[in-house]
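# Commentary on secondary and tertiary structure
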Amino acid sequence: MNNLEKYEYWIQYANYDLETAEAMLKSKRYVYVAFTCQQAIEKAVKALHVLYIGNEAPKSHNILYVFELIFNNEEYCNNISDEHFEEDKEKYKPLFTTLHSYYIAERYTDYKRQVSESLGEENSKDLLDKTKEAFKWLESLKQYWN
């Protein structure tokens, strides 16, 4: 599989996770909305890592860490002609950090209980909407790869 095919593979499964998040919202399983949102964005960022850097992303679930491995590198940032790139990058960093906390919550029972208490329909819908917006932005970065 070449890097473009690997990118497409990651994006396919990221889309599946977004669809799962929507299904979890409809079934009122809010912790799983958050977890699958995290999974979708993690996979989208790992797809970009494969595309831009040319190898698999490190075995980390920290979205912001993997994202910064790519886009704190001048070589890759210089290829991006979007005048709002830096602004968008800063806009989505807090979401990436928030989503990482939901990955951790899924793995640790006590933390999961605390997180589930903070999630409800409105918060979960808002998280899913923000995740979809960030996902579209991440997908748009493919166009600058050469």
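Report follows, based on the coordinates. (Residues numbered from 1 in each chain as written. Predicted model: local features only at pLDDT ≥ 70, side-chain atom pairs only at ≥ 80, totals over all residues. Heavy atoms only, no water.)

Take the side chain of His49 next. By the secondary structure assignment, His49 is in helix α2 (residues 30–53). His49 sits in the buried class, given a relative accessible area of 4%. Polar contacts involving the side chain of His49 include one to the main-chain amide nitrogen of Ala57, which spans 3.5 Å. The contacts of His49, once residues within four sequence positions are left out, are Gly54, Asn55, Glu56, Ala57, Pro58, Val66, Leu69 and Ile70. (Helix = DSSP H or I, 4+ residues; strand = E, 2+ residues; numbered from the N terminus. Buried < 20%, exposed > 50% of the residue type's maximum accessible area, 1.4 Å probe, protein only. Polar contact = N/O pair within 3.5 Å; in protein donor to acceptor, adjacent residues only side chain to side chain. Contact = heavy atoms within 4.5 Å.)

Attention shifts here to unusual backbone geometry. Residues other than glycine seldom take positive phi values, yet Lys28 does so here, at roughly 65 degrees. Locating Lys28 in the fold gives a position in the loop between α1 (3–26) and α2.

Turning next to the pattern of salt bridges. As enumerated under the stated definition, the model contains 12 salt bridges in all. Of the charged contacts in the structure, one is a salt bridge between Glu68 and Lys93, with a shortest N-O distance of 3.3 Å. With Glu68 in helix α3 (residues 63–71) and Lys93 in helix α5 (residues 85–107), this pair connects stretches of sequence that are 25 residues apart. When salt bridges with common partners are traced through the structure, they connect Glu68, Glu90 and Lys93 into a single cluster. (Salt bridge = Lys/Arg side-chain N within 4 Å of Asp/Glu carboxyl O.)

Another point: the packing of α1 against α2. Two elements in contact, α1 and α2, have axes whose closest approach is 8 Å; the angle formed by their N-to-C orientations is 170 degrees. Classified by the angle between their axes, α1 and α2 sit roughly antiparallel to one another. Grouping the constituent residues of the contact of α1 with α2 by class yields 20 nonpolar, four polar and four charged. (Axes fitted to C-alpha atoms, helices over the stretch in contact; angles between N-to-C directions. Parallel < 35°, antiparallel > 145°, perpendicular 65-115°, else oblique. Nonpolar A, V, L, I, M, F, W, Y, C, P; charged D, E, K, R; others polar.)

Among the surface-exposed residues, Met1, Tyr9, Tyr13 and Tyr16 lie close enough to one another that they form a single nonpolar patch of about 490 Å² accessible area. Mapping Tyr16 onto the fold places it in helix α1. On the accessibility criterion, Tyr16 (51% relative accessible area) is exposed. (Patch = residues over 30% accessible without salt bridge, like charges linked within 9 Å, V, L, I, M, F, W, Y side chains within 5 Å. Areas by Shrake-Rupley, 256 points an atom, 1.4 Å probe, with all protein chains shown as cover.)

Here the focus is the side chain of Lys93. Judged by relative accessible area, Lys93 falls into the buried class, the value being 18%. For Lys93, the side chain forms a polar contact with the side chain of Glu90, separated by 3.1 Å. Aside from chain neighbours lying at most four places away, what touches Lys93 is Leu64 and Glu68.

Let us now look at the packing of α2 against helix α7 (residues 121–140). Running from amino to carboxyl end, α2 crosses α7 at an angle of 10 degrees, the nearest separation of the two axes being 9 Å. Considering the angle they form, α2 stands roughly parallel to α7. Taking contact as the criterion, the partners of Tyr30, Val33, Ala34, Cys37, Ala40, Ile41, Ala44, Val45 and Leu48 in α2 are, on α7, Glu121, Ser124, Leu127, Leu128, Thr131, Ala134, Phe135 and Leu138. Along the lines of polarity and charge, the residues of the contact of α2 with α7 split into 14 nonpolar, two polar and one charged.

All right, on to the environment of Asn73 then. Checked against the element boundaries, Asn73 lands in the loop between α3 and α4 (74–77). Once the C-alpha coordinates of Asn73 and Trp145 are considered, the two residues, 72 residues apart in sequence, prove to be 13 Å apart.

The nonpolar side chains of soluble globular proteins are, as a tendency, buried together. Membership of the largest hydrophobic core comes to 44 residues, with the highest contact counts inside it found for Ile41, Tyr52, Phe71, Phe96, Leu138 and Leu141. Secondary-structure elements contributing two or more residues to this core are α1, α2, α3, α4, α5 and α7. Among the elements that make up this core, the one with the highest residue count is α2 (12 residues). Once residues within four sequence positions are removed from consideration, Leu138 is found in contact with Ile41, Ala44, Val45, Leu48, Phe67 and Phe96. (Core = buried A, V, L, I, M, F, W, Y, C linked by side-chain atoms within 4.5 Å.)

Remember, this is a structural readout, not a statement about activity or role.
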